[in-house]
Amino acid sequence: MITPEGMRGRYALVEFLTWLPTGLMIAPMVLLMSVRGLDVAQIGLVTAAYSVTVVVLELPTGGLADVIGRRNVLAASAVFSVAGFTMTALAGSVWMFLIASLLKGVARALSSGPAQAWYVDRLHAMEGPAADLKPGLAAGGAAGSVALAIGTLTGGVLPLLVSGESLAVPAWAGGGAALILLFTALLVMREPARPVRPRLADVLRDVPVTVGGGFRLAVRDRGLGRLLLVAVAAGVMLNSIELLTPGRLAALTGRPETAGTIYAIVAAAGFAANAVGSAIAPAVARAVGGSMRAVMLATVFTAASVGALAASVALDGAAGMVAAGAAYVVLFTGLAVSSLFRNELIHQRIVSTQRATVMSVDSLQLQFGGMLSSLVLIPFSAQVGAGGVWAVTAVIALSATLLYVRLPAARAEVPVPVREPQ
């Protein structure tokens, strides 16, 4: 019989392996496309193809996980990841990179939500709907952030250790990590046997119904709708930081190559800080008197960190880099804490049959926030600079705190415990 502690360890392992392939390609991806002949416009096209694929498939794949099972969908994600990273390693033209990007976009959409939904369902099955989700969500969040930090550093170092087509080595490593995820998901993500194996026609009919049910729940439950709206503000903040930080570092160093190395280090430090934030979140809740107070304080803390990042543009040279890096690390620590408690509040409002779908709606909101940032805020950086955009972003992030004030009580039905398979 699997214990809650054992379930927590399995969830952390799955989250680690889910994010490790992505981390491995953060540093070398743009360079690999450049050395294989792609210009800036083509690189942008490849990147956009990934984003569009994720947005289009986010909700259908979440509904699919609620219909055919979380393990099956995550295993399918791993298969697409193996194909996508293999194609990336072999690609020699823009069309091959586009195909690789589409495959990885499908994999990302499939992996959004099923692991967390599986963990919450299994814990509810073992301990009932009042089970404390914080320790497990913290472990999973920390594991994913550690994987991104390790992957980012490893992906940056691997090309230095081999000769020849060295920039392709992280892609091969990412494919290998995805293959390990495939076997791990099949082995450790135990689910109750379904009474009837769904037919393809039933799946095609039930997925849109499940997606529609998830949207109706978000509209009907005003509290859930407000919690999901927080993700839009988070998407605006993350996109503004990720797109403008490399340019800010380049301005400080005077060399794009040096800025790329520094950004890889800063990004890895941010992922590590995210892991620390996830790990300390349960203790923060105990210290301040509950999840609601903790999520509001963490949101204010995160917004203040964005403000500090905006203020750091007044500094030059090493002082500017240190200030920006420190604000970056503090920001991601606070974001991890607030994200964990927001997820806990969301799970308290939804039932098992809609859990993965709602997680996909949440991810879609994050993507929408990033798109708004790209279309509305980023273009103004040419007039007001990175500091001006970050100052506006800090105000938006702080405004998200108001969405937690007098949050309406949960209206979701109580999940029905399911006997844990042996």
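Residues numbered from 1 in each chain as written. Predicted model: local features only at pLDDT ≥ 70, side-chain atom pairs only at ≥ 80, totals over all residues. Heavy atoms only, no water.

Section: the overall build of the chain
Cut-off, in case you're wondering: Each helix is a run of H or I in the DSSP string that is no shorter than four residues. Each strand is a run of E no shorter than two, and both are numbered from the N terminus. By definition in these notes, contact holds between two residues if any of their heavy atoms fall within 4.5 Å.
Looking only at helices and strands, the chain features 15 helices and 0 strands. Partitioning the contacts of the chain with sequence separation of at least 6, the portion at a separation of at least 24 is 85%.

A short note on the packing of aromatic side chains
Note the following rule: Between rings of Phe, Tyr and Trp, where Trp is taken as its six-membered ring, a pair exists when centres lie within 6.5 Å; planes separated by under 30 degrees are stacked, by over 60 edge-to-face, and by other angles tilted. Relative accessibility thresholds used throughout: buried, under 20% of the residue-type maximum; exposed, over 50%; partly exposed, between the two (1.4 Å probe, protein chains only).
If you walk through the whole model with that rule in mind, you get 2 aromatic pairs. A ring pair is formed by Tyr11 and Tyr119, whose centres lie 4.9 Å apart and whose planes are at 15 degrees; its orientation type is stacked. Taken together, the positions of Tyr11 in helix 1 (residues 4-24) and Tyr119 in helix 6 (residues 114-127) put the pair 108 residues apart, joining distant regions of the chain. Per residue, the accessibility class of Tyr11 equals that of Tyr119, and both read buried. A ring pair is formed by Tyr328 and Phe332, whose centres lie 4.9 Å apart and whose planes are at 45 degrees; its orientation type is tilted.

Looking at the UniProt feature "transmembrane region" (unreviewed entry) in the chain
Rules: UniProt positions are given in the numbering used here, feature names are shortened, and annotations may be inferred rather than shown by experiment.
With numbering aligned to this structure, UniProt lists the feature "transmembrane region" (unreviewed entry) at residues 12-34, 40-61, 73-98, 167-189, 224-241, 261-282, 294-315 and 321-342. Secondary structure content for residues 224-241 is 100% helix and 0% strand, and the end C-alpha separation is 27 Å. Taken end to end, residues 294-315 is 82% helix and 0% strand, and its two terminal C-alpha atoms sit 32 Å from one another.

Some thoughts on unusual backbone geometry
Positive phi values are uncommon outside glycine, yet Arg406 reaches one of about 50 degrees. Here Arg406 lies in the segment after helix 15 (381-399). When its relative accessible area of 80% is taken as the criterion, Arg406 is described as exposed.

Quick notes on the environment of Ala391
Here Ala391 shows up in helix 15. On the accessibility criterion, Ala391 (36% relative accessible area) is partly exposed. On a C-alpha basis, the gap between Ala391 and Ala310 in space is 5.5 Å, while along the polypeptide they are 81 residues apart.

Some details on the nonpolar core
It is characteristic of soluble globular proteins that their nonpolar side chains tend to be buried jointly. We apply this condition: For the purposes of this section, nonpolar cores are sets of buried Ala, Val, Leu, Ile, Met, Phe, Trp, Tyr and Cys residues that join through side-chain atoms within 4.5 Å.
Counting 45 residues, the largest nonpolar core has Val14, Tyr119, Met189, Phe341 and Ile346 as its most contacted members. Once residues within four sequence positions are removed from consideration, Met189 is found in contact with Val14, Arg70, Arg71, Leu74, Pro114, Ala115, Trp118 and Thr184. Core analysis: the next-biggest nonpolar cluster, separate from the first, contains 27 residues, Val236, Ala303, Ala386 and Val389 among them.

Comments concerning the pattern of salt bridges
The condition that has to hold: The working definition used for a salt bridge is a side-chain nitrogen of Lys or Arg within 4 Å of a carboxyl oxygen of Asp or Glu.
Overall, the coordinates contain 4 salt bridges when judged by the stated rule. Lys134 is the partner of Asp132 in a salt bridge, and the nearest nitrogen-oxygen pair spans 3.3 Å. Accessibility expressed as a relative area gives 14% for Lys134, which makes it buried. One salt bridge connects Lys134 with Glu344, and the closest N-O pair in it is separated by 3.1 Å.

Quick word on a nonpolar patch on the surface
The criterion, for reference: Residues enter patches when they are more than 30% accessible in relative terms and free of salt bridges; like-charged ones are connected within 9 Å and nonpolar ones (Val, Leu, Ile, Met, Phe, Trp, Tyr) within 5 Å. Accessible surface area values rest on a Shrake-Rupley calculation with a 1.4 Å probe, where residue burial reflects the displayed protein chains alone.
Taken together, the side chains of Phe368, Met371, Leu372, Leu375, Val376, Phe380 and Val384 define a hydrophobic patch exposed on the protein surface, amounting to about 650 Å² of accessible area. Examining the composition of the nonpolar patch, we find that 5 residues originate from one element, helix 14 (residues 355-377), more than from any other. Residue Phe368 is classed as partly exposed on the basis of its relative accessible area of 38%.

Remarks on helix 15
Convention followed: Between the first and last residue of a helix there are one fewer steps than residues, each counted as 1.5 Å, and that sum is the expected span. Fitting axes to the seven residues ending at a residue and to the seven starting there, one defines the bend at that residue as the angle between these axes.
With 19 residues, helix 15 extends just 21 Å between its outermost C-alpha atoms, more than 12% less than the 27 Å of an ideal straight helix rising 1.5 Å per residue. The largest bend in helix 15 comes to about 65 degrees, at Gly387. Considered for burial, the residues of helix 15 that qualify are Ala386, Gly387, Val389, Trp390, Thr393, Ala394 and Ala397. Along its buried surface, helix 15 packs onto helix 10 (222-253), helix 12 (291-311) and helix 14.

Here's the deal with the packing of helix 7 (residues 134-161) against helix 13 (residues 317-347)
Packed helices, taken two at a time, are described by the angle their axes make and the gap between the axes. Keep this limit in mind: Angular values range over 0 to 180 degrees, each being the angle between N-to-C directions of two axes fitted as lines to C-alpha atoms, with helices fitted over their stretch in contact. Every angle not falling under 35 degrees, over 145, or within 65 to 115 is termed oblique; those three ranges are roughly parallel, roughly antiparallel and roughly perpendicular. Take the far helix as your reference; a near helix turned counterclockwise from it by less than a right angle gives a left-handed crossing, and one turned clockwise gives a right-handed crossing. Residues are sorted three ways: Asp, Glu, Lys and Arg are charged, Ala, Val, Leu, Ile, Met, Phe, Trp, Tyr, Cys and Pro are nonpolar, and all the rest, Gly among them, are polar.
The geometry of helix 7 relative to helix 13 is characterised by a closest axis approach of 10 Å and an angle of 130 degrees between their N-to-C directions. In terms of axis orientation, helix 7 runs oblique to helix 13. Pair helix 7 / helix 13 crosses with right-handed handedness. Here Lys134, Leu137 and Ala138 of helix 7 lie close against helix 13, whose contacting residues are Leu340, Phe341, Asn343, Glu344 and His347. Residues of the contact of helix 7 with helix 13, tallied by class, amount to 4 nonpolar, 2 polar and 2 charged.

Remarks on the packing of helix 13 against helix 14
The interhelical angle for the contact between helix 13 and helix 14, taken along N-to-C directions, is 140 degrees, at an axis separation of 11 Å. The angle between helix 13 and helix 14 falls in the class oblique. Judged by the twist between their axes, the crossing of helix 13 over helix 14 is right-handed. Between helix 13 and helix 14, the residues in contact are Arg342, Asn343, Ile346 and His347 and Arg355, Val358, Met359 and Asp362, respectively.

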